[in-house]
Amino acid sequence: MTSIDLDNVQNVIVTGKSGAGKQPRIDVLVEEFDLEQLSTGDIFRHYLGIFDKIDYDEDLSQFWDEKQNRFLADETIANEIGTEDNDVLLGLKAKYFVERGLFGPDYIVNALFESKFAEKDYKNQILDGYPRTLDQAKFLLNLVSEKDVSLDFMVLVDNSDERIIKRTVQRRICPKCGKVYHLTYKPPKNGKCEKCGVDVIQRSDDTEEKIKSRLQEFKKKALPAIEYLKDEGIPLVKVPGHLEEFTPENVRKSVMDEVEKLVKQ
Ligand SMILES: [Zn+2]
């Protein structure tokens, strides 16, 4: 195995089941390695926001070709909505899937990701929620090699299904900025987001049934993607998503103890 230079980390993947406790671990890595968090959720919200600015209210399904299982040509879409701005087109495609409760096919997710990653010069990022499938992992590996940047290591935040189910049903989220709260561990003051002041909500997909289906999805799709990258030589460290005593110091130590082992390998 190639040894890792922790003084020159360019990109890190943080992965784990939805609800495993990724965010506090990401916060540690952001600070320790001076990185930015690039999350798929934020990327979707970003492009959705760009599309929403053009005030187009017609049904988006007219742009989707059921038979071909893909969007109509960009030129056709651009003619109808009155702009050929690529970010707006990406936003429209993202919105089409979000409205249907889907993340969308790999080629769309890859396009959204690449566009935002390019803005960041392909480095100093913590990839959160990406890659989520084998195709996305392959795309990412090609991209970093093409752009001559490194994908230094992956962090898998480990947690049990039982605990995740218990935690997730109490999760609340800000509909405006996406900030996550928890009724027991991180209660929103007066039920409102501390940044935006709007009422936090329970996401419709935070029911037990939907959580279980996401856990299945992670095992079926995201784990093979991680395994693939590991086989391709990207080091993987596992950190606990649950600590007996949850303090910032304990979280930091539980992450950095594992990451520092990479140097000694
Ligand atoms: Zn908010």
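Relevant structure appears above.
A brief structural summary. Being a predicted model, the structure only gives us computed values, none of them experimental.

## Re the side chain of Lys93
Turning to its location among the elements, Lys93 is positioned in helix α4 (residues 86-99). Among all residues touching Lys93, those that are not within four sequence positions of it are Phe71, Asp74, Ile77 and Ile108.

## As for the coordination of the zinc ion
Only Cys174 (SG), Cys177 (SG), Cys193 (SG) and Cys196 (SG) from the protein reach the zinc ion as donors, at distances of 2.3 Å. Seen from the zinc ion, its four donor atoms lie at angles of 106 to 113°, and the figure they make is tetrahedral. Each donor residue of the zinc ion belongs to the same chain, with the gaps between them written as C-x2-C-x15-C-x2-C. Highlighted residues: Cys177 in the loop between β7 (171-173) and β8 (180-182) and Cys193 in the loop between β8 and α8 (208-231), separated in sequence by 16 residues.

## Considerations on unusual backbone geometry
With an omega dihedral of 0°, the bond running from Tyr130 to Pro131 counts as a cis peptide bond. One can find Pro131 in the loop between β5 (125-128) and α6 (134-146). The phi torsion at Asp148 lies on the positive side, around 60°, for a residue other than glycine. Assignment of secondary structure puts Asp148 in the loop between α6 and β6 (153-158). In the Ramachandran plot, Asn190 falls in the positive-phi region, its phi being about 55° despite a non-glycine side chain. Positionally, Asn190 belongs in the loop between β8 and α8. Overall, the relative accessible area of 73% leaves Asn190 in the exposed class.

## Some words on the packing of aromatic side chains
A full pass over the atoms with the stated rule returns twelve aromatic pairs. Pairing Trp64 with Tyr96 gives two aromatic rings, centres 5.2 Å apart and planes at 25°, and the pair type is stacked. Taken as a pair, Trp64 in strand β3 (residues 64-65) and Tyr96 in helix α4 lie far apart in primary sequence, 32 residues in all. Of the two residues, Trp64 and Tyr96, neither departs from the other in class, the shared state being buried.

## Structural notes on the nonpolar core
Of all hydrophobic cores here, the largest spans 42 residues; its most connected members are Phe71, Phe113, Phe117 and Leu140. Among the secondary structure elements, those contributing two or more residues to this core are α2 (40-52), α3 (74-81), α4, α5 (106-119), α6 and α8. The element that contributes the greatest number of residues to this core is α4, accounting for seven residues. Among the nonpolar cores identified, the runner-up in size contains 27 residues, and Ile4, Ile26, Val155 and Ile211 belong to it.

## Digging into α3
Within α3, burial applies to Ile77, Ala78 and Ile81. End-on, the buried residues of α3 take up no more than an arc of 100°, which puts them together on one face. Exposed residues pointing more than 90 degrees away from the buried face of α3 are listed as Glu75 and Asn79. Each element contacted by the buried residues of α3 is listed here: β4 (70-71) and α4. Positive backbone phi, at 85°, marks Gly82, one or two positions downstream of α3.

## Topic: the packing of α3 against α4
Running from N to C, α3 and α4 cross one another at 95°; their axes reach a closest spacing of 11 Å. One way to sum up the angle between α3 and α4 is to call them roughly perpendicular. Of α4, the residues touching α3 (which contributes Asp74, Ile77, Ala78 and Ile81) are Val88, Leu89, Leu92 and Lys93. Looking at the contact of α3 with α4 residue by residue, the class counts come to six nonpolar, no polar and two charged.

## Quick word on the sheet that holds strand β2 (residues 36-39)
With parallel pairing, five strands are arranged side by side in an open sheet as β2-β5-β1-β6-β9. Where the open sheet ends on each side, the last strands, each with one partner, are β2 and β9 (236-240). Across the sheet, the mean angle from the axis of one strand to that of its neighbour is 25°, orientation sign disregarded. Of the pairings in the sheet, the one linking β2 to β5 comprises four bridges and is parallel in character. Bridge pairing links Leu38 to Leu127 in β5. Seen against the sheet, helix α9 (residues 248-264) touches β6 and β9 and runs at an angle of roughly 160° to β9.

Criteria and cut-off values
- Residue positions are counted from 1 within each chain, in the order its sequence is given.
- The predicted origin of the model limits local features to residues at a pLDDT of at least 70 and limits the giving and counting of side-chain atom pairs to 80 or more, whereas totals for whole chains, interfaces and linings rest on all residues.
- Values reported for side chains reflect all heavy atoms of the structure, with hydrogen atoms and water molecules removed beforehand.
- In DSSP terms, a helix is any run of H or I states spanning at least four residues, a strand is any run of E spanning at least two, and both are numbered starting from the N terminus.
- By definition in these notes, contact holds between two residues if any of their heavy atoms fall within 4.5 Å.
- Metal sites are built from N, O and S donor atoms within 2.8 Å, or 3.2 Å for Na, K and Ca, and they leave out water, so they may look incomplete.
- Only two sets of limits are used to name each site, 85 to 135 degrees for every angle of a tetrahedral four-donor site, and over 155 degrees for opposite donors with all other angles from 65 to 115 for a square planar four-donor or octahedral six-donor site, with any other site named irregular.
- With a 1.4 Å probe rolled over the protein chains alone, any residue whose accessible area is under 20% of its type maximum counts as buried; one over 50% counts as exposed, and the rest are partly exposed.
- Aromatic contacts are taken between Phe, Tyr and Trp rings whose centres are within 6.5 Å, Trp giving its six-membered ring; a plane angle under 30 degrees counts as stacked, one over 60 as edge-to-face, and the others as tilted.
- Buried Ala, Val, Leu, Ile, Met, Phe, Trp, Tyr and Cys residues form a nonpolar core when they are joined through side-chain atoms within 4.5 Å.
- An arc is given here, and it is the one of the directions from the helix axis to the C-beta atoms.
- Only the contacting stretch of a helix is used when fitting its axis, a line to C-alpha atoms as for every element, and angles between N-to-C directions run 0 to 180 degrees.
- For classification purposes, an angle smaller than 35 degrees is called roughly parallel, one larger than 145 roughly antiparallel, one from 65 to 115 roughly perpendicular, and anything else oblique.
- Gly falls in the polar group here, along with every residue not listed as nonpolar (Ala, Val, Leu, Ile, Met, Phe, Trp, Tyr, Cys, Pro) or charged (Asp, Glu, Lys, Arg).
- Strand pairing is assigned whenever DSSP identifies at least 2 bridges connecting the two strands.

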